[in-house]
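Chain residues, written in single-letter form:
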Amino acid sequence: MEIKELLLEYSIYLNERKEQENKKVIAFMSHDNFPEELLDAAGIIPLRMIFAGSDELMSASNDYLPASTCSFAQTCIGLHSLKPTEYKFLNLIDHFIVSNHCVSDICASEIITKYFNIPRLNFYVPYTQNSEALKYYKTELIELKKELEMIIGREIKNEDIIKSIKKYNQFKKKLSEVQELKISSTEKLKIFQKAVLYGPFFMNELENLINKARSENIRINENNFDLIFTGCSMFIGDYLINLIEESRGNVIFFDTWIGYNYYSQIFTDKKKKKRRQKH
Ligand code: SF4
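Residues numbered from 1 in each chain as written. Predicted model: local features only at pLDDT ≥ 70, side-chain atom pairs only at ≥ 80, totals over all residues. Heavy atoms only, no water.

Trainee: What should I look at first to understand the environment of Ser-68 in this one?
Mentor: Mapped onto the elements, Ser-68 comes out in the loop between helix H3 (55-60) and helix H4 (71-82). Residues Ser-68 and Glu-205 lie 137 residues apart in sequence; the distance between their C-alpha atoms is 39 Å. (Helix = DSSP H or I, 4+ residues; strand = E, 2+ residues; numbered from the N terminus.)

Written out as structure tokens, the structure reads:
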């Protein structure tokens, strides 16, 4: 699917869900530490900013941040500043999360909320893993939950959160199967990008794509070089994957937010685990 087509389809999807189901849309810069299950439990659509930029988009951000800022952060600002035709759906965002993954993330998110008049929600995560950090993370989750409840005007029930966690777990388990498919890196990346954009709404299409790829048993050129791609993600519209394939590279493992870091974040049911350990 071409990028324009994907963005148009996504725009229609968002418009329909907002109009017909009266859904709110909350956007955030896509790193791997935001609990989108909580948004889902609140009946809110999470919109991950996973769009790659052009020189024009990046230059448009230079009124706000220096050009040495990472290209992803520049693009996120440029998209809100210029709102190119195929990204008009960004007008549907009701709130934007400001989080602290890195300095570029926090600066860009603050700028987007301040200068493009999108109400801001804060969600800060600790950089360490110890009992104090865990307590802090829980406090942030509880505060975010309260803010979401104010937005939707009702309580977010625990059973709804558990339902959403199970739904995302199931979706991510299915998505992890894509890694093993005998399809090109480009095809894999397209599936990962669409999955991260739509979330579990993409489940049926995902199952069909996986079944189709398995039944066709496509063979990848064995003279290609197998690669592990790690670091920042390749976002929608990034042509790096084409350069890799044109150079006979074949990405066998996407170790990024759009790939392993996304689908490996599956929550275990501690009570069930304890019960199993007792037996
Ligand atoms: S983590 Fe990397 S890509 Fe993301 S905003 Fe920070 S510098 Fe940019």
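Back to the write-up after that little detour.
Trainee: I keep staring at the sheet that holds strand E2 (residues 45-49) and nothing clicks. Help me out?
Mentor: Spatial strand order, E2-E1-E3-E4: four strands in an open sheet with parallel pairing. Each of the sheet's edge strands pairs with one partner strand only, and the pair in question is E2 and strand E4 (120-122). Averaged over all pairs of adjacent strands, the angle between their axes in this sheet comes to 30°, without regard to strand direction. The pairing of strand E1 (residues 25-29) with strand E3 (residues 95-98) spans two bridges and is parallel. Note on E3: the bridge partner recorded for Ala-27 is Phe-96. Where H4 meets the sheet, its contacts fall on E1, E2 and E3, and the angle it forms with E2 comes to roughly 120°. (Pairing = 2+ DSSP bridges. Axes fitted to C-alpha atoms, helices over the stretch in contact; angles between N-to-C directions. Contact = heavy atoms within 4.5 Å.)

Trainee: Is there a simple way to explain the site of the ligand in this structure?
Mentor: Lining the immediate environment of the ligand, one finds His-31, Cys-70, Phe-72, His-101, Cys-102, Ser-104, Asp-105, Cys-232 and Trp-257. Residue composition of the shell around the ligand, by class: five nonpolar, three polar and one charged. (Near = heavy atom within 4 Å. Nonpolar A, V, L, I, M, F, W, Y, C, P; charged D, E, K, R; others polar.)

Trainee: So what exactly am I meant to see when it comes to the side chain of Ser-109 here?
Mentor: Locating Ser-109 in the fold gives a position in helix H5 (residues 103-115). Apart from residues no more than four positions distant in its own chain, Ser-109 is found in contact with Met-29, Phe-96, Ile-97 and Val-98.

Trainee: For this particular structure, what's the right way to read the confidence of the model for the protein chain?
Mentor: Detailed reading of predicted coordinates is not advised where the pLDDT is low. Overall, the predicted model of the protein chain reaches an average pLDDT of 92, with 95% of residues at or above 70. Across the protein chain, the secondary-structure element scoring lowest on mean pLDDT is helix H12 (residues 270-278), at 68, and the one scoring highest is helix H7 (residues 158-176), at 97. (pLDDT = per-residue confidence, 0-100.)

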